[in-house]
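Examination of the molecular architecture
Listed below, chain by chain, are the residues.
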Amino acid sequence: MTPFVRGRILAEVESAGRVKPYLDVLVWLPQPDREHFRVLNEICILKEYLSSITPAICDIRLHVPRALPHIAQALDFFAVPFDFIDDVPPQESVPLVLGKDAPVGLLDAAATAISSDCDLIWIHENSWFPYWHELESLNLLAVSSHILELQCEIFVRGHDIPWTFVDMAWNRPWTTFYFMAENETFTVGLRFLDKCHKKNLSAETSETGRMLIYNRLSNLCFTRDRLLFYDLERRAASRAKWTRQRFAFEVGYFLEFYYLLIFGGLDSIAVLLNAALDLGIKLRKVAAQSQAFLNALKTKAPEIHMAFVDPEFSKFLDRIAYLRHLAAHRGSIMPGPVYQKPVVEPTPEELDKDISEEDLDATINLSPKGPLREQVRGLYRYKMKIDRSKKILDDAILIEAKGKYGFIRPMADIEWNFNKFHSFMVRVLEACEKRI
């Protein structure tokens with residue numbers, strides 16, 4: 001019903017909504033062990049923290065199927081809050097996706113999770129994990145204990161609550177959060193900065209290194225986590241069958257910043273090397289792809305030069321460079337569906353028939369006769385044409401590298417991109433540390 005508020009009729013966008021305030025976890029553990037209860041205890045600590053925040057922001061809810069009453073008894077014994085949910089027999093769509101040869105229990109777990117809008121299924125059956133792709137198509141994710149903790153962290157961080165199970169603390173700010181949450185990510189960089197200080201290197205070296213480690217790397221961690229959070233929310237939106245809310249705007253925003261950060265970080269590493277190794281290249285000519293920089297680096301530190309010209313790294317850098325250039329100069333990063341062009345294009349008459357069959361003529365006729373109505377009809381014809389086409393890829397971006405074109409799915413590469421950048425940075429800084 002259209003909202004009527006204080007005497008005004010307000011617009012309402014259908015088939016859309018907001019991020020879920022709850023992370024719903026289906027606990028499917030026929031034989032819970034000590035590790036499961038350790039994780040449950042830590043989740044309860046997080047729930048206590050969330051409940052202490054006023055006003056409430058989000059929460060994590062544990063759901064136990066009635067078919068597994070012994071889990072409920074165990075949770076009751078350890079004072080773990082949970083909800084009972086009814087078991088749901090698999091409907092036709094679930095076996096169709098997972099296959100009739102799916103492991104025992106997987107079909108029931110998936111159907112029960114879908115019926116209760118669960119985001120995650122907590123399991124320990126190793127034979128279920130190879131079905132991750134099929135479960136993803138059902139907008140579900142089966143998780144081990146370790147992945148469950150990571151998903152809980154991503155969820156609350158997405159709601160702007162810095163939290164890590166590694167070093168739990170109330171009311172921690174973002175400023176120093178990632179140094180505590182991901183100590184291993186920063187270890188090599190901090191050690192490098194310490195050596196720069198002990199060797200009394202130039203202020204330019206220390207400041208460039210400080211900005212790389214303290215600022216850019218933390219920004220990358222934060223942006224990565226926001227993208228992973230929206231990936232979680234997009235699955236929830238798909239389960240809700242929202243057609244006008246896929247968090248595309250939010251995803252596009254953080255993707256653009258992500259590629260700018262990664263590409264800029266690679267150039268910052270080059271600037272750091274120029275200062276630390278005293279390469280003598282003018283600052284405006286220093287970049288990860290600068291030939292002047294690479295030539296000087298090859299002469300001074302050939303082992304570090306090899307890292308920059310490594311074929312695998314070069315392919316990664318070319319891809320990031322294209323995406324950064326697209327984001328900064330030519331357009332925006334906005335993943336979308338890819339459709340296969342029909343062999344025979346539908347005629348306008350055929351498209352108009354589709355419009356009539358969906359009772360959209362009345363909507364079009366709301367616009368005044370003339371160019372505006374024809375423009376609206378053209379939009380609906382385009383929609384009907386898309387509906388007739390076969391979708392071959394979702395959430396994709398067309399990229400070009402050295403004259404070759406291809407599609408990538410950036411939301412599938414979030415952690416891969418971060419790991420590629422980080423492993424390169426570690427390799428270079430460790431090599432540079434030996435030379436200073």
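Residues numbered from 1 in each chain as written. Predicted model: local features only at pLDDT ≥ 70, side-chain atom pairs only at ≥ 80, totals over all residues. Heavy atoms only, no water.

1. Considerations on the sheet that holds strand β6 (residues 120-122)
Across the sheet, which stays open at both edges, the 5 strands sit in the order β5-β4-β3-β6-β7 with parallel pairing between neighbours. Only two strands of the sheet have a single neighbouring strand rather than two, namely β5 (83-85) and β7 (141-143). Within the sheet, the average angular offset between the axes of one strand and its neighbour, ignoring direction, is 35 degrees. (Pairing = 2+ DSSP bridges. Helix = DSSP H or I, 4+ residues; strand = E, 2+ residues; numbered from the N terminus. Axes fitted to C-alpha atoms, helices over the stretch in contact; angles between N-to-C directions.)

2. Describing the sheet that holds strand β9 (residues 390-401)
Across the sheet, 3 strands lie side by side as β8-β9-β10; this open sheet has antiparallel pairing. Both edges of this open sheet fall to β8 (336-340) and β10 (404-408), since each of them pairs with a single strand only. Direction aside, neighbouring strands of the sheet carry axes that sit 60 degrees apart on average. Where β8 and β9 come together, 4 bridges link them in antiparallel fashion. Across the sheet, the residue bridging to V338 is L393, located in β9.

3. Focus on the packing of helix α10 (residues 248-276) against helix α17 (residues 414-433)
Where α10 meets α17, the closest approach of the two axes is 11 Å, and the angle between their N-to-C directions is 5 degrees. Taken together, α10 and α17 sit at an angle that is classed as roughly parallel. Two secondary-structure elements touch here, α10 through L255, Y258, Y259, I262, G265, L266, I269, L272, L273 and A276 and α17 through I414, N417, F418, F421, F424, M425, V428, L429 and C432. By residue class, the composition of the contact of α10 with α17 is 17 nonpolar, 2 polar and no charged. (Parallel < 35°, antiparallel > 145°, perpendicular 65-115°, else oblique. Contact = heavy atoms within 4.5 Å. Nonpolar A, V, L, I, M, F, W, Y, C, P; charged D, E, K, R; others polar.)

4. Some thoughts on a nonpolar patch on the surface
On the surface, a cluster of nonpolar side chains totalling about 360 Å² of accessible area is made up of L398, Y405 and F407. One can find F407 in strand β10. (Patch = residues over 30% accessible without salt bridge, like charges linked within 9 Å, V, L, I, M, F, W, Y side chains within 5 Å. Areas by Shrake-Rupley, 256 points an atom, 1.4 Å probe, with all protein chains shown as cover. Salt bridge = Lys/Arg side-chain N within 4 Å of Asp/Glu carboxyl O.)

5. Some points on the environment of L273
Looking at the secondary structure, you find L273 in helix α10. Residues L273 and H159, 114 residues apart in the sequence, show an inter-C-alpha distance of 37 Å. With near-sequence residues (within four places) excluded, L273 lies in contact with D278, L279, F293, L297, I304, F308, V428 and C432.

6. A short note on the packing of aromatic side chains
Within this structure, the stated rule accounts for 25 aromatic pairs. Ring centres 4.5 Å apart and planes at 40 degrees place the aromatic pair F179 and F186 in the tilted group. Look at F179 and you get buried, because its relative accessible area is 13%. For the pair F313 and F424, a centre-to-centre distance of 3.9 Å together with 5 degrees between the ring planes defines the contact as stacked. (Phe/Tyr/Trp six-rings, centres within 6.5 Å; stacked < 30°, edge-to-face > 60°. Buried < 20%, exposed > 50% of the residue type's maximum accessible area, 1.4 Å probe, protein only.)

7. Points about the pattern of salt bridges
Enumeration over the complete set of coordinates arrives at 34 salt bridges. D352 is the partner of R377 in a salt bridge, and the nearest nitrogen-oxygen pair spans 3.1 Å. One end of the pair, R377, is in helix α16 (residues 371-388); the other, D352, is in helix α14 (residues 348-357), and 25 residues separate them in sequence. In this structure, R388 engages D354 in a salt bridge whose closest nitrogen and oxygen atoms are separated by 2.6 Å. Here the residue R388 occupies a position in helix α16, and D354 occupies one in helix α14, the gap between them amounting to 34 residues.

8. Section: helix α2 (residues 69-77)
Restricting attention to buried positions, one finds in α2 the residues I71, A72, A74 and L75. Considered in projection along α2, the buried side chains sweep an arc of 165 degrees and stay on one side of the axis. Every exposed residue of α2 that faces more than 90 degrees away from the buried side is listed here: Q73, D76 and F77. Buried residues in α2 make contact with β3 (22-27), α1 (34-52), β4 (59-65) and β5. Positive phi appears at A79, one or two residues downstream of α2, with a value of about 55 degrees. (Arc of directions from axis to C-beta.)

9. Focus: the environment of G105
Counting through the fold element by element, G105 comes out in the loop between α3 (93-98) and α4 (106-115). Excluding residues that lie within four positions of it along the chain, G105 makes contacts with W28 and W128.

10. Observations concerning the nonpolar core
L98, I269, L273, I304 and F308 are the most contacted members of the largest nonpolar core, which totals 129 residues. For this core, the element with the most residues is α10, which contributes 15 residues. Setting aside its immediate chain neighbours within four residues, L98 contacts L106, L107, A110, Y131, E134, L135 and L138. Formed by 6 residues, the second largest nonpolar core is a distinct cluster that contains L351, I364, V376 and M384. (Core = buried A, V, L, I, M, F, W, Y, C linked by side-chain atoms within 4.5 Å.)

11. A word on the side chain of H159
Counting through the fold element by element, H159 comes out in the loop between α6 (145-158) and α7 (177-181). Dropping the residues within four chain positions of it, H159 is found in contact with V19, K20, P21, I57, C58 and F229.

12. Let's talk about unusual backbone geometry
For the bond running from T54 to P55, omega is -5 degrees, close enough to zero to count as cis. Structurally, P55 is set in the loop between α1 and β4. Residues other than glycine seldom take positive phi values, yet D160 does so here, at roughly 65 degrees. Along the chain, the position of D160 falls in the loop between α6 and α7. Look at D160 and you get partly exposed, because its relative accessible area is 47%. One non-glycine residue, N171, lies in positive phi territory at about 60 degrees. Classification of N171 as exposed rests on a relative accessible area of 62%.

13. Re the pairing of β9
Bridging between β9 and β10 involves 5 bridges; their strand directions are antiparallel. Paired with E400 across the two strands is Y405, which belongs to β10. A loop of 2 residues connects β9 with β10, the two strands running antiparallel in sequence, and K402 in this loop sits at a positive phi of about 55 degrees.

Any functional reading would require information that these geometric values do not contain.
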